[in-house]
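If you want the building blocks of each chain, they are given just below.
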Amino acid sequence: STPGLQSAGRVALGGHPVRILQLDADRVAVALNDSSQVAIVNLRHLKVERKVAVLGHPDGLCLNPAGTHLAVVSNEASAVQVFELSTWRLATTLDAGSGPGQCAWLAHH
């Protein structure tokens, strides 16, 4: 084990995790590649709060700078879905070309 790091516990996700992204002080999003879902995990309570259905083989996860939207990359659909975090409503789906693995938010001023 790594000095200074200790396990806080385990959370059963019911899928194959490939990416994890911190959403806020208590929650993370986990892309479950084999089940076409993103699990929202509360680390303080060590439980899955919800699972969001997404396009096939989700991989990259990106949070916008304001923390209001989550982008999820689908390798199977070659697309990026953008969800509003307050409601988990699908805001838009964008074509991402062949086999994207990650995403990034670009801001203009």
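Refer to the structure printed above.
Just so you know, these numbers come straight off a predicted model, no measurement behind them. (Residues numbered from 1 in each chain as written. Predicted model: local features only at pLDDT ≥ 70, side-chain atom pairs only at ≥ 80, totals over all residues. Heavy atoms only, no water.)

Take the sheet that holds strand S5 (residues 58–63) next. In space, the four strands of this open sheet follow the order S5-S6-S7-S8, with antiparallel pairing throughout. Every other strand in the sheet has two partners, leaving S5 and strand S8 (90–95) as the edge strands with one partner each. When strand polarity is set aside, the average angle formed by the axes of neighbouring strands in this sheet is 20°. Pairing between strand S6 (residues 69–74) and strand S7 (residues 79–84): six bridges, direction antiparallel. Within S7, the position partnered with Ala71 by the bridge is Val82. (Pairing = 2+ DSSP bridges. Helix = DSSP H or I, 4+ residues; strand = E, 2+ residues; numbered from the N terminus. Axes fitted to C-alpha atoms, helices over the stretch in contact; angles between N-to-C directions.)

In this section: the nonpolar core. Most often, soluble globular proteins keep nonpolar side chains buried together rather than apart. Ranked by internal contacts, the top residues of the largest apolar core, which has 13 residues, are Ala29, Val38, Ile40, Leu61, Leu70, Val72 and Trp88. The set of elements that each furnish at least two residues to this core consists of strand S2 (27–32), strand S3 (37–42) and S6. (Core = buried A, V, L, I, M, F, W, Y, C linked by side-chain atoms within 4.5 Å. Buried < 20%, exposed > 50% of the residue type's maximum accessible area, 1.4 Å probe, protein only.)

For S2, the buried fraction is high: six of the six residues fall into the buried class. Residues of S2 alternate between two faces, with Arg27, Ala29 and Ala31 on one and Val28, Val30 and Leu32 on the opposite face, all of them buried. Two strands pair when backbone bridges link them, and strand S1 (residues 17–22) and S2 are joined in this way by five bridges, in the antiparallel orientation. For Ile20, the partnering residue across the bridge sits in S2 and is Val30. Between the end of S1 and the start of S2, which pair antiparallel, lie four residues. Of the strand pairs in this sheet, S2 and S3 are connected by six bridges, and their pairing is antiparallel. Opposite Ala29, over in S3, you have Ile40 as the bridge partner. Taken together, S2 and the strand that follows it, S3, pair antiparallel across an intervening segment of four residues, in which Ser36 is found at a positive phi of about 55°.

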